[in-house]
Amino acid sequence: LNKMIHIIITSYKEPLSTKKAIDNLLQQKIPKPFRIIVADPFPEMEEIILNQYKNHREVEYFEDPGKGKSFALNLIFKKIFSKNPEDIIILTDGDVYVSNNAVQEISNQFKDKSIGIVCGHPTTLNPRNNKYGYWSHLLFDEMNKTRKALAAKKEFFEASGYLFAIRNSIIKEFPIGASEDNVLAIMFWQRNYKIGYAENALVYVMNPQNCEDWVAQKKRNIKGH
């Protein structure tokens with residue numbers, strides 16, 4: 001069976017950064033065949049894909065019904081489900097971009113048949129010289145150390161919604177309203193799959209820069225959990 005790499009980008013009203021995320025992926029050495037599915041509720045994104053990526057048949061638009069990220073992901077999971085466990089589904093967001101080796105690094109992790117889900121390495125783009133930037137460095141550095149240690153001990157840890165990947169053929173859907181990076185890690189763990197950490201697969205993230213955004217992000221995370 002020919003293995004397929006599905007890359008899902010979920011985006012919302014961020015056409016410029018989503019375009020950067022797509023371009024960044026297209027420049028990578030991706031083991032073929034692959035496809036990039038951009039889920040977005042706005043027709044503006046569909047136009048960008050139809051006009052600017054018409055020569056890239058591997059890039060396709062998926063109309064997000066606007067009922068939340070997990071609802072859209074469940075629809076895509078059903079659409080791309082296959083019985084081939086060598087198929088990989090990579091998930092990332094439109095407001096972040098990944099390092100040029102990210103897809104290869106994640107693919108390498110799946111050579112270990114016991115691994116069902118792989119987490120990328122979030123890296124903050126914020127400067128250290130202010131409170132919120134400093135917090136983001138502190139948090140991301142700590143998470144990197146923790147994930148690295150837990151992966152080495154083959155213990156449970158959560159994936160990061162900014163960049164993670166799962167084997168196809170195992171899960172068709174997951175509970176709506178939950179944080180996908182948390183619940184999918186649990187679902188794979190319950191099925192006796194290990195969690196891999198691709199430390200060299202970087203995903204660059206701009207974190208909240210003021211109190212309002214920081215509190216909103218924390219509330220969202222807590223609610224999802």
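Residues numbered from 1 in each chain as written. Predicted model: local features only at pLDDT ≥ 70, side-chain atom pairs only at ≥ 80, totals over all residues. Heavy atoms only, no water.

A. Region of the structure containing the overall build of the protein chain. Each helix and strand in the protein chain was counted, giving 7 helices and 8 strands. Relative to the 2.2 N^0.38 estimate, which gives 17 Å for 225 residues, the radius of gyration of the protein chain is 17 Å and therefore close to what a compact globule would have. A principal-axis box enclosing the C-alpha atoms of the protein chain has dimensions of 45 × 40 × 35 Å. Evaluated residue by residue, the protein chain yields a buried proportion of 47% over its 225 residues. Contacts in the protein chain between residues far apart in sequence, at least 24 positions, make up 74% of those at least 6 positions apart. In the protein chain, which carries 31 positive and 26 negative side-chain charges, the distance between the mean positions of the two groups comes to 5 Å. (Helix = DSSP H or I, 4+ residues; strand = E, 2+ residues; numbered from the N terminus. Rg over C-alpha atoms; globule rule 2.2 N^0.38 Å. Buried < 20%, exposed > 50% of the residue type's maximum accessible area, 1.4 Å probe, protein only. Contact = heavy atoms within 4.5 Å. Lys, Arg positive; Asp, Glu negative; His and termini not counted. Charge placed at Lys NZ, Arg CZ, Asp CG, Glu CD.)

B. Structural context of a negative patch on the surface. Side chains of Glu44, Glu46, Glu47 and Glu63 sit close together on the surface and give a patch of like negative charge. Take the negative patch: its biggest share by element is 3 residues, from helix α2 (residues 43–52). The residue glutamate 46 is located in helix α2 in this model. (Patch = residues over 30% accessible without salt bridge, like charges linked within 9 Å, V, L, I, M, F, W, Y side chains within 5 Å. Areas by Shrake-Rupley, 256 points an atom, 1.4 Å probe, with all protein chains shown as cover. Salt bridge = Lys/Arg side-chain N within 4 Å of Asp/Glu carboxyl O.)

C. The pattern of salt bridges, seen in detail. For the coordinates displayed, the defined rule picks out 9 salt bridges. Salt-bridge contacts for aspartate 23 lead to lysine 19; the nearest nitrogen and oxygen are separated by 3.1 Å. Pair noted here: aspartate 23 and lysine 19 are both in helix α1 (residues 15–26), with a separation of 4 residues, about one helical turn. Taking the relative accessible area as the measure of exposure, aspartate 23 reaches 25% and is therefore partly exposed. Lysine 19 sits in the partly exposed class, given a relative accessible area of 24%. Of the charged contacts, one joins aspartate 141 and arginine 128 as a salt bridge, the two residues approaching to 3.7 Å between their closest N and O atoms. Residue aspartate 141 is located in helix α5 (residues 131–152), and its partner arginine 128 is located in the loop between β6 (115–124) and α5; the two are separated by 13 residues in the primary sequence. Look at the salt bridges and you will find they share partners, linking Arg35, Glu60 and Lys79 into a network.

D. Seen up close, the nonpolar core. Ile7, Ile36, Ile90, Ile106 and Leu163 are the most contacted members of the largest nonpolar core, which has 33 residues in total. Here this core takes 4 residues from strand β8 (residues 194–205), the largest share from any one element. If we skip the residues at most four places from it in the chain, isoleucine 7 touches Leu25, Ile30, Phe34, Arg35, Ile36, Ile37, Ile90 and Val103. (Core = buried A, V, L, I, M, F, W, Y, C linked by side-chain atoms within 4.5 Å.)

E. Region of interest: the packing of α1 against α2. Following both chains from N to C, one finds α1 and α2 inclined at 40°, their axes separated by 11 Å at the closest point. The angle between α1 and α2 places the two elements in the oblique class. As for how α1 packs across α2, the hand of that crossing is right-handed. Only Glu44, Met45, Ile48 and Gln52 of α2 make contact with α1, whose side of the interface consists of Pro15, Thr18, Lys19 and Ile22. Residue classes in the contact of α1 with α2 are distributed as 4 nonpolar, 2 polar and 2 charged. (Axes fitted to C-alpha atoms, helices over the stretch in contact; angles between N-to-C directions. Parallel < 35°, antiparallel > 145°, perpendicular 65-115°, else oblique. Left-handed = near helix turned anticlockwise from the far one by under 90°. Nonpolar A, V, L, I, M, F, W, Y, C, P; charged D, E, K, R; others polar.)

F. Seen up close, the side chain of threonine 124. Inspection of the secondary structure assignment puts threonine 124 in strand β6. Polar contacts involving the side chain of threonine 124 include one to the side chain of asparagine 126, which spans 3.0 Å. Within the structure, the side chain of threonine 124 is placed 3.0 Å from the side chain of asparagine 207, a separation counted as a polar contact. For threonine 124, the contacting residues outside a window of four places in its chain are Ser136, His137, Phe140, Val205 and Asn207. (Polar contact = N/O pair within 3.5 Å; in protein donor to acceptor, adjacent residues only side chain to side chain.)

G. Just the sheet that holds strand β2 (residues 34–40), in detail. Strand order in the open sheet formed by 8 strands is β3-β2-β1-β4-β7-β6-β8-β5, and the pairing between neighbours is mixed. In this open sheet, the two strands that pair with only one neighbour each are β3 (59–63) and β5 (97–98). As paired strands, β6 and strand β7 (residues 163–167) are joined by 3 bridges and run antiparallel to one another. What sits directly across from cysteine 119, in β7, is phenylalanine 164. Strands β1 (5–10), β4 (88–93), β5, β6, β7 and β8 of the sheet are contacted by helix α4 (residues 102–109), whose axis makes an angle of about 175° with β8. (Pairing = 2+ DSSP bridges.)

H. Representation of helix α7 (residues 211–224). For α7, with 14 residues, the first-to-last C-alpha span of 20 Å sits near the 20 Å given by 1.5 Å per residue. The N-cap residue of α7 is asparagine 210: its side-chain oxygen and the backbone nitrogen of glutamate 212 are 3.2 Å apart. (Expected span 1.5 Å × (residues − 1).)

That is the geometry; function is a separate question.
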